[in-house]
Amino acid sequence: MDNQRNIIMAILLTALVLFGWDAGMRYFYPQADKPKPVATAAASAEPGKAKPTREGGLTDAADIALEKKDLKQVLAAGGRVPVKAGGLSGSINLAGALVDDLTTNRHTETIEKNSGPARVFSPAGTPAQHFAQFGWVAAGNGPQIALPGAGTVWSAPAGAVLTPKSPVTLSWTNPTGQTFEIALSIDDDYMITAEQRLVNRGAQGVTARPFALINRTDKTASLDSFNVHSGPIGAFDEAVKFGPNYDEVREEGTVSNEGKTDWLGFTDVYWMSALIPGKGAEGSDFRALGNGLYRADLLYAPVAVPAGKQVARTTRLFAGAKESAVLDRYEETGIANFGLAIDWGWFRWFEKPIFMLLTALFRTVGNFGVAIILLTLIVRGIMFPVAQKQFASMAAMKAIQPKMKALQERYKDDKQKQQQEIMALYKKEGVNPLAGCLPIFLQIPVFFALYKVLILAIEMRHQPFALWIRDLSAPDPLHLLNLFGLLPFTPPSFLGIGVLALLLGVTMYFQFKLNPAQMDPVQEQMFKFMPWIMMFVMAPFAAGLLIYWITSNILTIAQQKFLYSRHPQLQAQAEKDAVDAARSSARGKG
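Residues numbered from 1 in each chain as written. Predicted model: local features only at pLDDT ≥ 70, side-chain atom pairs only at ≥ 80, totals over all residues. Heavy atoms only, no water.

### Quick look at the overall build of the protein chain
Part 1: Assigned secondary structure in the protein chain consists of 13 helices and 19 strands.
Part 2: Counting all 590 residues of the protein chain, 50% fall into the buried class.
Part 3: If you take every contact in the protein chain between residues at least 6 apart in sequence, the share linking residues at least 24 apart comes to 67%.
Part 4: By element, 60% of the accessible surface of the protein chain is carried by carbon and sulfur atoms, the whole surface being about 27300 Å². (Helix = DSSP H or I, 4+ residues; strand = E, 2+ residues; numbered from the N terminus. Buried < 20%, exposed > 50% of the residue type's maximum accessible area, 1.4 Å probe, protein only. Contact = heavy atoms within 4.5 Å. Areas by Shrake-Rupley, 256 points an atom, 1.4 Å probe, with all protein chains shown as cover.)

See the structure below:
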């Protein structure tokens, strides 16, 4: 099989893997345990809203301005316990005991280094509303007692600050002698632990039901696409479920989760908030509250507390960046499949090793762009012996070309017989026509793994390379159509041809030029246009992916030059084929 045909097959198969695999799996293997709605009354249809972006966050200018104004007013009102940890900073609102002000210390809001920390939680009522709450509701049986609610103002020790070394306990006592406590602790990453205690100093036994919830708006949700989920998420009976999405929850009103709840919450491409229950958890669900607000509920079984006794339930809250190493460490503590909160998909067995190799190279060189180039060198180095076999196969194919042409001429009116005779010739001469395809097939998983890593891993977010490439996870920001930003407009994505896309087309063109020419004029024209078609196709992809492909093209050109020097008969044949193809094309035009 000719090398050009291999390249076309690789392109088609890569496109099929990139765009068809996850969609096909979700079509043919839908979630069998999709929960049934508990409530039939669906929330009202949401008003029109801005289209979500890949990273998420507010997109409407008015909302962004209002968020800044509201945050300044709400956070300046006081009544808060500061939070200072390695991964998170912020505060806890004593009104309602809400964890509603958290920012990450390791990630900035935008690509600009002075843009401030990325915000995870925002207080209720702000455009980016996102918070967690721990509390109690009535159990239904036994004496009814006053329970803390959204308007309850909790007490905290004077000067309390929540840090990894200094836990904080919030408390509130009702008129009948029951004291409710929330003992909060935090680690150096993104986990807050809340121990809810009911201390009964009253005269009789009481019953209450602990709960925990996460409340958020979908205004800040990242784009939910066919291969990256954004929305409700959880693990039930140790199986991670990427769904339902926000639209499904809004339509059904309440979606109850079946099975044992290992954890649940909401995810974006880079961020996640999740509740991890302790013992005594009874059920969980997702609810649509209307106006683009959603809630993840975690309910515990009712607890009976005799007079003079106390009962505690513990819930952990994850709120932060989906850093792979951090999630894996939490999984090692017993949180089922927490590392799979990153939507690696069906090829995670190969994607995670590529990711680990990339991060190891990054720690060595300090630049993810250079790490991608080194990864390409490693892949091409591993593939070099296979490429040598590919060229040997090409040489063998060239050697039997006269016999093949004779068979094609002899059986030109009987295609079936012609194919049988050609296959017999392959067997007799010991030639494998598919041997040349092997290097292409082996590179497809690497390409797809790098694609997923670039769009999923927060470790790649806002990572610069050199010159104008300031974010390898985003498309090339320079576009030819607006003269690299000199003209005041942004081309549509399918016309956003950048410098990297142009380099991809040019290097692919020269790579194709080194391949033996096609005798068929139609195929020859197709190969002439293929590099420029791929230039348009790949332009919207992450800059890091294009750097990988460009580097691979350059290495392939160098490799072909070297191997041609080792197989001069192929070089001579390629030159002859080019002359013959030119003559054939000239005759066709004449």
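Next comes the rest of the account.
### A closer look at the packing of aromatic side chains
How two aromatic rings sit relative to each other is given by the distance of their centres and the angle of their planes.
Part 1: One pass over the full model with this rule turns up 18 aromatic pairs.
Part 2: Between the aromatic rings of Y246 and F266, the centroid separation amounts to 6.1 Å while the plane-to-plane angle is 15°, which identifies the pairing as stacked. With Y246 in helix α3 (residues 246–252) and F266 in strand β14 (residues 261–267), this residue pair connects regions lying 20 residues apart in the sequence. The two residues Y246 and F266 agree in class, both being buried.
Part 3: Between the aromatic rings of F448 and Y451, the centroid separation amounts to 6.1 Å while the plane-to-plane angle is 35°, which identifies the pairing as tilted. Of this pair, F448 and Y451 both sit in helix α9 (residues 438–456), three residues apart, which is roughly one turn of the helix.
Part 4: Put simply, the rings of Y190, W263, F318, Y330 and F338 pair up and form one aromatic cluster. (Phe/Tyr/Trp six-rings, centres within 6.5 Å; stacked < 30°, edge-to-face > 60°.)

### Brief notes about the sheet that holds β14
Part 1: Strand order in this open sheet of eight strands is β7-β8-β9-β19-β15-β14-β11-β12, and the pairing throughout is antiparallel. If you trace the sheet from one side to the other, it starts and ends with β7 (168–173) and β12 (239–241), each paired once. Ignoring strand direction, the axes of neighbouring strands in this sheet form an average angle of 15°.
Part 2: With six bridges joining them, β7 and strand β8 (residues 178–186) adopt antiparallel strand pairing. Bridge pairing in β8 places S171 opposite E181. (Pairing = 2+ DSSP bridges. Axes fitted to C-alpha atoms, helices over the stretch in contact; angles between N-to-C directions.)

### Some remarks on the side chain of S273
Part 1: When you line up the elements, S273 lands in strand β15 (residues 271–277).
Part 2: A relative accessible area of 0% places S273 in the buried class.
Part 3: Within polar-contact distance, the side chain of S273 engages the side chain of H130 at 2.9 Å.
Part 4: Setting aside chain neighbours within four positions, we find S273 in contact with F121, H130, I214, L264, G265, F266, F318 and A319. (Polar contact = N/O pair within 3.5 Å; in protein donor to acceptor, adjacent residues only side chain to side chain.)

### Details of the pairing of strand β9 (residues 191–200)
Part 1: The element β9 is largely enclosed, with a buried count of eight among its ten residues.
Part 2: Here β8 runs beside β9; their pairing, made up of nine bridges, is antiparallel. Directly across from T179, in β9, lies its bridge partner V199.
Part 3: Connecting β8 to the next strand, β9, in antiparallel fashion are four residues.
Part 4: For β9 and strand β19 (residues 310–321), the ladder comprises nine bridges, and the chain directions are antiparallel.

### Some words on helix α8 (residues 415–429)
Part 1: With 15 residues, α8 should cover 21 Å at 1.5 Å per step; its first-to-last C-alpha distance of 21 Å lies within 8% of that length.
Part 2: Looking only at α8, the buried set comprises Q418, I422, L425 and Y426. All buried residues of α8 fall inside an arc of 100° around its axis, so they share one side. Of the residues in α8, the exposed ones pointing more than 90 degrees away from the buried face are Q416, K427 and K428. (Expected span 1.5 Å × (residues − 1). Arc of directions from axis to C-beta.)

### Section: the packing of helix α7 (residues 401–410) against α8
Part 1: Contact geometry for α7 and α8: axes closest at 9 Å, N-to-C directions at 160°. Between α7 and α8, the angle falls in the class roughly antiparallel. At the point where α7 passes α8, the crossing takes the right-handed sense. Listed contacts from α8 to K403, M404, L407 and Q408 of α7 are Q418, E421, I422, L425, Y426 and E429. (Parallel < 35°, antiparallel > 145°, perpendicular 65-115°, else oblique. Left-handed = near helix turned anticlockwise from the far one by under 90°.)

### With respect to a nonpolar patch on the surface
Part 1: Taken together, the side chains of L480, F484, L502, V506 and F510 define a hydrophobic patch exposed on the protein surface, amounting to about 390 Å² of accessible area.
Part 2: Along the chain, the position of L480 falls in the loop between α9 and α10 (499–513).
Part 3: Overall, the relative accessible area of 31% leaves L480 in the partly exposed class. (Patch = residues over 30% accessible without salt bridge, like charges linked within 9 Å, V, L, I, M, F, W, Y side chains within 5 Å. Salt bridge = Lys/Arg side-chain N within 4 Å of Asp/Glu carboxyl O.)

### Comments concerning the packing of α10 against helix α12 (residues 543–566)
Part 1: For the pair α10 and α12, the least separation of the axes is 9 Å and the interaxial angle reads 20°. Considered as vectors, α10 and α12 are oriented roughly parallel to each other. With respect to the hand of their crossing, α10 and α12 are arranged in left-handed fashion. Residue-level contacts link L500, A501, L503, L504, T507, M508, F510 and Q511 of α10 to A543, L546, I547, W549, I550, N553, I554, T556, I557 and Q560 of α12.
Part 2: Classifying every residue of the contact of α10 with α12 by side-chain character gives 13 nonpolar, five polar and no charged. (Nonpolar A, V, L, I, M, F, W, Y, C, P; charged D, E, K, R; others polar.)

### Description of the pattern of salt bridges
Part 1: Under the defined criterion, the tally for this structure stands at 19 salt bridges.
Part 2: Put simply, D262 and K260 hold a salt bridge, and the shortest N to O gap is 2.9 Å.
Part 3: The class for D262 is buried, based on a relative accessible area of 8%.
Part 4: For K260, a relative accessible area of 54% translates into the label exposed.
Part 5: Notably, a salt bridge pairs D328 with K352, separated by 3.1 Å at the nearest N-O pair. Linking D328 in helix α4 (residues 324–332) with K352 in helix α5 (residues 348–365), this pair joins segments that are 24 residues apart in sequence.
Part 6: Taking the relative accessible area as the measure of exposure, K352 reaches 17% and is therefore buried.
Part 7: Each of R106, D189, E323 and R329 takes part in a single network of salt bridges with overlapping partners.

### Things to note about unusual backbone geometry
Part 1: A cis geometry characterises the amide bond from G243 onward to P244, with omega recorded as 0°.
Part 2: Summarising the element assignment, P244 is placed in the loop between β12 and α3.
Part 3: The residue D237 is not glycine, and still its phi comes out positive at about 55°.
Part 4: Topologically, D237 is positioned in the loop between β11 (231–236) and β12.

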